[in-house]
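Geometric and topological summary
Listed here are the chains, written in short residue letters.
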Amino acid sequence: MNFPAAAVQHSPVLASRAFMAFVATIPFLHALAPGPWLPLPMLVAGLALLVYLALGQAQRYVYFETTDLLLAVTLALGVAAFVLRPGAVGQKNINHTAALIVSVGLFYFWVRAWLRVARVSLEQVGAAALVGLLVASLAVITEFGLINTTGLYFSDLIPYSADELPQIDVLTDLKRPRGLAAEPGFTAMVFEALAPLSWLYLRRHRYLVLPAALLVLPGFLLLFSAGAILSVVLAFLLILVFRARSGTVWAFAGVIIAAIAAFAIFSDLAGLLFEQVVGRKLLDLIGAADATLAETASRYDAYTTAATIFAQQPFGIGWGTVSEMFASGAIIPGVPQLNSRGVMSLYLEVLVSAGLAGLLCFAAFLLLKLKALARRSDPQATLVLLAALTVMIHHAAVLEFWFPMLWLLLALGDYIGDSSHARAMPAPGPIVGGLPAAQS
Amino acid sequence: MLFNSWIFVLAFLPATLAVASALRRHLSLGPLVVWLALASLAFYALWSPRHVPLLLGSILFNFWVGRAIASRRRAAEPVRGWLAFGVAIDLAVLAAFKYAAFIVENANAVTGATLPVPVVELPVGVSFYTFTQIAFLVDVSRGEASEYGLQRFTLFVSYFPHLVAGPVIHHRRVIPQFAAPRFCRFEAPDVLAGSCLFAIGLAKKVLLADPLAPFADAVFNGASAGIPLTLWESWGGMLAYSLQLYFDFSGYSDMALGLSRLLGVDLPVNFNSPYRAGSIIEFWRRWHITLSRFLRDYLYIPLGGNRRGPIRRYLNLMATMLLGGLWHGAAWTYVVWGGFHGMLLLVNHAWRAWRTGRPASRISLPTFLWTLLTFVAVTVGWAFFRAGSLTAALDVLQSAFGGRGLALPQSLAPARDWLVTVVPGIDWTFSGMFSNALTENVWLWTTLTGCALAIALAAPNSMAIADYVTADARAGESTGRPRSVRLPRWSVVAGLGVICALSLARLQANSPFIYYQF
């Protein structure tokens, strides 16, 4: 497919606008998706890729680094596992593999190239993230009001691409909103990714910080996502500890922990939260609760079964096999049956699908990316590091690898971290406007 | 419609602001003023649709009378007749809707007649918009008011941030702002201060006033039902009501100021940490400031103020406070409340007059003792303000001052042995009737009132916080760089964000403000 050159020409302005639209649509993980496997961010990124392929630009900018090999090996091990194991390859194997390759290809490799081809400045990324964040916040607050007054979810009003939309009560009589995704936890991951990125814009437009905070903090907190809150706290503390250069920082970290502990112990609200959000799940997971929540029971089941699968199949059972067994009822010799469509953790999914070697490769890939970011001391890298770390921690309890957040953050980390590629660009320009001059 | 309702937060406010912003950008001020007036009427109609014609009629009538007075002034003709006519009709309407039943009941009681007591639903905000317009007519007659167009006058009276529960606004201060350059421009300082004030006001209402309400209700409803109260219960209920009323009304006022500030219009401040006042005189300079100012300018001073000797001054003061009490509601409890404050003011003024010229060191007390004394006096006064009848109010006060012994809450009964050991010689008794409100929730009451009291007495008030967050923006304005804003402290940003989240989580479907009934 070739567009006439006169009709469509490469325009960095249009390209950067398109990239900003991609970032701003990230909250729409399930809402308004044209198809079950085609969420809005994927549609935008895919269309942009097609246009740039047609213009002959994409091929010039997509590149691979040595560390990417680790990711490729992880993918290959998961494919090899189901190709080589006895038993038929099911539809879900194909679907999951395709989804994984498309997600990684589109959201990581293409986004990394797109940032360069569009010469997107970090401030533009921040502005788009802020728009996305405000959209997500408004959606959560609005849905919270709707469900707790009329009982209506957004999914009752607009199409969602997910067929499982759980309804969960919290704090005795409140209903949790889902936002524009199928579950509150998924929307919380959007906040985790976009909130630090939005600071790339807000740091130069500080008059917006307070009004934005008055929307974003309620949006985030009203999701009542225990995983998100724990991930944010852990990520903050990890960065504080890694960056600690004085006793003051350690003292500050200690004060935060003490404050959280005091809140958890003495506050009635924290008591309810602990009972119904965080602690209940923890107690369920260790089997100590009197009664189990459906959500935690299935999670407990998923994690224990994943451990059993790994013990029996240390080289993995292939991408999508768990889902295939659940969907079709297929029985694969030597593989325990799991009563859900996934193992509810990205890392456990990699372990089960690609085996220990796959998980090690994947972990090495992520750690190398984090290390590259952690070595830099500029605030941009710290913000991306914070976002990436938070999302990675939360992925311990969220499987969905086809979400764009993690891959976008990794691509962004490469973009701001690798100055050699910036120098090698065919058309050098102010591609990283928010960076110190030495970096661009 | 309530400020603290989802329909307001999610639908009315965003739609009103969005359209106002678009009109301001693309059209002249006229359509913008009309839009805001229509939005204000819609806001009122959603709460009280049957009373919209009354509001519109009142606006048109006062506008017409104002015009008539102005034209007579220009022609150097006497205007007293027109002014008297306008004010009389306004007061007659107010009396018909607010005081008719009260007047007939008392007439029946005094004369022994059996006139049927009319049942009239009180139009929301009628006291506020009537007083606002009376002030306008008086100022027109004095030549102190400009002539405004009908559109801006309608917006002035019906302006939704203040319409139903104040603050009492003054035309000279507000109407010119409807044509000011920053009107609906959504400039940085306005957005910052407006959102900050709205969030603080919402938190005051939802997180402090509403949770305190059950404690106050339990005590005062119990007193109305004739149930004897203990000392603990009476003070618990009075203290809870003191704080509930303050956070409810000042929360409403903060939200009103915040909403108006978002539109680029400054409304007058209505509260300035009143419970920190060191005297009753100071209290009335900090509590419901706009009403105090109105009563001073349009009642106390026309009565003669302090220009005709001390006796006349005290009489004027007492009359002003009695009428101020009656303004709040058609019941003797309000009149007694006004009279009680009038008496406190007389004592306070007399004390000041006596103290003048005497060495201060001999008669001074520590500041906190004056503050405590003032707070206790005000809290005692609230018993009349809140109680359903004078009997109930006196019942609460009788218990509060030991008229029914010194019984402790039932929930402290397990500590009896310890108390006997620590303080021997007292026959400790335990009783309590409110098994589900006060005595069984002593710790919740203690936490809530403790926090609320600490905030009322020690925390920076909402205006100080709003000033703080906008300080740099305003400094930027003076240098021509309004966007050069330093970030407020993280603790302020995070704190406001979290209280906003908690407020939204606790937003109730129907929790009207106390002052809506006035």
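Residue numbering note: each chain is counted from 1, following its sequence as written. Starting at A for chains and at 1 for ligands, labels are handed out in the order in which the entities are written. Where local features are concerned, this predicted model is filtered to residues with pLDDT of at least 70; where side-chain atom pairs are given and counted, the filter is 80 or more; whole-chain, interface and lining totals use all residues. Side-chain measures here rest on the full set of heavy atoms in the structure, leaving out hydrogens and waters.

Comments concerning the overall build of chain A
We apply this condition: In this description a helix means any DSSP run of H or I spanning at least four residues, a strand means any run of E spanning at least two, and both kinds are numbered starting from the N terminus. The classification of residues rests on relative accessible area computed with a 1.4 Å probe and restricted to protein chains. Under 20% of the type maximum is buried, over 50% is exposed, and intermediate values are partly exposed. Residue contacts are counted whenever heavy atoms from the two residues lie within 4.5 Å of one another. The accessible surface values rely on the Shrake-Rupley method and a 1.4 Å probe; as for residues, cover is taken only from the protein chains in view.
What chain A contains, in helices and strands, is 18 helices and two strands. Of all 440 residues assigned to chain A, the portion counted as buried reaches 51%. The long-range share in chain A, meaning contacts at least 24 apart out of those at least 6 apart in sequence, stands at 75%. Accessible surface, chain A: about 18,400 Å² in total, of which carbon and sulfur atoms supply 68%.

Some points on the pattern of salt bridges
Residues and elements named next belong to chain A. Going by this rule: Each salt bridge in this description consists of a side-chain nitrogen of Lys or Arg and a carboxyl oxygen of Asp or Glu lying within 4 Å of one another.
For the structure on display, the rule yields 24 salt bridges over all chains. Two residues, Lys-369 and Asp-68, come together in a salt bridge whose shortest N-O distance is 3.9 Å. Of the two residues, Lys-369 sits in helix H15 (residues 346-375) while Asp-68 sits in helix H4 (residues 68-84), which places them 301 residues apart along the sequence. The structure contains a network of salt bridges with shared partners spanning Glu-65, Asp-68, Arg-112, Lys-369 and Asp-414.

Side note on a nonpolar patch on the surface
Spelled out, the test is: Here a patch means residues that are over 30% exposed by relative accessible area and free of salt bridges, tied together within 9 Å if like-charged and within 5 Å if nonpolar (Val, Leu, Ile, Met, Phe, Trp, Tyr).
Residues Leu-365, Phe-368, Leu-369, Leu-372 and Val-376 of chain B make up a contiguous nonpolar surface patch of roughly 440 Å² in combined accessible area. Along the chain, the position of Phe-368 of chain B falls in helix H15 (residues 367-386).

Looking at the packing of aromatic side chains
For the record, the criterion: Stacked, tilted and edge-to-face are the three classes applied to pairs of Phe, Tyr and Trp rings, where Trp contributes its six-membered ring and a pair requires centres within 6.5 Å; stacked means planes under 30 degrees apart, edge-to-face means over 60, and tilted covers the rest. Counting as a charge over the ring demands two things of the Lys NZ or Arg CZ atom: a distance within 6 Å of the ring centre and an angle within 35 degrees of the ring normal.
Scanning all chains against the criterion turns up 69 aromatic pairs over all chains. With a centroid separation of 5.0 Å and an interplanar angle of 80°, the aromatic rings of Phe-19 of chain A and Trp-114 of chain A are classed as edge-to-face. One end of the pair, Phe-19 of chain A, is in helix H1 (residues 12-24); the other, Trp-114 of chain A, is in helix H5 (residues 91-117), with 95 residues separating them in the sequence. With a relative accessible area of 0%, Trp-114 of chain A lands in the buried category. Taking the centre distance of 4.6 Å and the plane angle of 25° together, the rings of Phe-131 of chain B and Phe-294 of chain B count as stacked. Placement of Phe-131 of chain B in helix H5 (residues 126-142) and of Phe-294 of chain B in helix H11 (residues 289-300) is noted, with a sequence separation of 163 residues between them. As far as burial versus exposure is concerned, Phe-131 of chain B and Phe-294 of chain B are alike and both buried. The ring of Phe-513 of chain B carries the charged tip of Lys-205 of chain B above its face, separated from the ring centre by 4.9 Å.

Quick look at the packing of helix H8 (residues 188-224) of chain B against helix H20 (residues 490-505) of chain B
Residues and elements named next belong to chain B. The criterion, for reference: The convention used is that axes are lines fitted to C-alpha atoms, helices contributing only their stretch in contact, and that angles between N-to-C directions extend from 0 to 180 degrees. Here is the rule for angles: anything less than 35 degrees is roughly parallel, anything more than 145 is roughly antiparallel, 65 through 115 is roughly perpendicular, and the remaining ranges are oblique. Note on convention: the crossing is left-handed when the near helix lies turned anticlockwise from the far helix by less than a right angle, right-handed when the turn is clockwise. Charged residues are taken to be Asp, Glu, Lys and Arg, nonpolar residues to be Ala, Val, Leu, Ile, Met, Phe, Trp, Tyr, Cys and Pro, and polar residues to be all remaining types, Gly included.
Direction vectors running N to C along H8 and H20 enclose 45°, while the axes themselves pass 9 Å from each other. What the angle tells us is that H8 and H20 run oblique. Both H8 and H20 take part in a crossing whose hand is left-handed. Contacts from Cys-196, Ala-199, Ile-200, Leu-202, Ala-203, Val-206 and Leu-207 in H8 reach Leu-496, Ile-499, Cys-500, Leu-502, Ser-503 and Leu-504 in H20. Residue composition of the contact of H8 with H20, by class: twelve nonpolar, one polar and no charged.

Here's the deal with the state of the cysteines
Residue and element names in this part refer to chain B. Rules: Disulfides are defined in this document as cysteine sulfur pairs within 2.5 Å.
In total, this model carries zero disulfides over all chains according to the counting rule given. With no disulfide partner, Cys-184 has as its closest neighbouring cysteine sulfur the one in Cys-196, 20 Å distant. Residue Cys-184 is classed as buried on the basis of its relative accessible area of 2%. Free of any disulfide, Cys-500 has its nearest neighbouring cysteine sulfur in Cys-196, separated by 10 Å.

A look at the interface of chain B and chain A
Accessible area lost during the coming together of the parts is what is often quoted as the interface size. Between chain B and chain A, the contact holds 23 residues from the first and 19 residues from the second. One can count zero salt bridges joining chain B with chain A. Contributing elements (two or more residues each) for the side of chain B that touches chain A: helix H1 (6-26), H8 and H20 of chain B. With eleven residues, H20 of chain B is the single largest residue contributor to the side of chain B that touches chain A.

A short note on the confidence of the model for chain A
Residue and element names in this part refer to chain A. Heads up, the rule is: Values of pLDDT, ranging from 0 to 100, describe the predictor's confidence in every residue of the model.
Looking at chain A, the pLDDT average stands at 82 and 82% of residues meet or exceed 70. For chain A, the element scoring lowest by mean pLDDT is helix H18 (residues 419-423), at 44; helix H7 (residues 184-202) scores highest, at 95. Throughout residues 1-8 the model reports pLDDT below 50, and contacts reaching past four residues in sequence, or to other chains, amount to five contacts. Within the model, the stretch residues 420-440 combines pLDDT values under 50 with 34 contacts to residues more than four positions away or in other chains.

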